[in-house]
Amino acid sequence: MITTAYCATYFSLDAVLTWIGIRCENHPCTILSMKRLLSDYFTPAETALVEKARGARIDAWYYVSREVPDSFCEELIWAAPRFLVKCGGIADGMNEEKTIETLREALRKEE
């Protein structure tokens, strides 16, 4: 369940970035883009959730001896569908002329 919930959040976020023309090739880069470029759309708590979910997925996938607390598993399973819906709303609310160009310009400045 942890992997499924994390992937739902990650690929939802990746879809928003792809919608604006940004392709991240790895998970940390995608989360960093969430922090730096999409901070007007996501709360710090949502960013922290995705980061923590990434860590939990790594622990569950690669380290059998590490346990992810049940309370976080429940939180993530509850939050993942809501995060997916939020990402859909963010993408739907963006338009090419204003929002997307502004975000692309912000990315160019980061380079």
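Since the structure is predicted, the reported quantities are computational estimates derived from the model, not experimental observations.

(A) The side chain of T9, seen in detail. Here T9 shows up in helix α1 (residues 2-19). On the basis of relative accessibility, which here comes to 0%, the residue T9 falls in the buried class. Not counting the four nearest positions on each side in its chain, T9 is found in contact with V50, A80 and F83.

(B) Seen up close, the packing of α1 against helix α4 (residues 70-93). Following both chains from N to C, one finds α1 and α4 inclined at 15°, their axes separated by 9 Å at the closest point. Here α1 lies roughly parallel to α4, going by the angle between them. Viewed along their axes, α1 and α4 form a crossing whose handedness is left-handed. Residues I2, A5, Y6, A8, T9, S12, L13, V16 and W19 of α1 pack against C73, L76, I77, A80, F83, L84, C87, I90 and A91 of α4. In the contact of α1 with α4, the residues fall into 16 nonpolar, two polar and no charged.

Cut-offs and rules
Residues numbered from 1 in each chain as written. Predicted model: local features only at pLDDT ≥ 70, side-chain atom pairs only at ≥ 80, totals over all residues. Heavy atoms only, no water. Helix = DSSP H or I, 4+ residues; strand = E, 2+ residues; numbered from the N terminus. Buried < 20%, exposed > 50% of the residue type's maximum accessible area, 1.4 Å probe, protein only. Contact = heavy atoms within 4.5 Å. Axes fitted to C-alpha atoms, helices over the stretch in contact; angles between N-to-C directions. Parallel < 35°, antiparallel > 145°, perpendicular 65-115°, else oblique. Left-handed = near helix turned anticlockwise from the far one by under 90°. Nonpolar A, V, L, I, M, F, W, Y, C, P; charged D, E, K, R; others polar.

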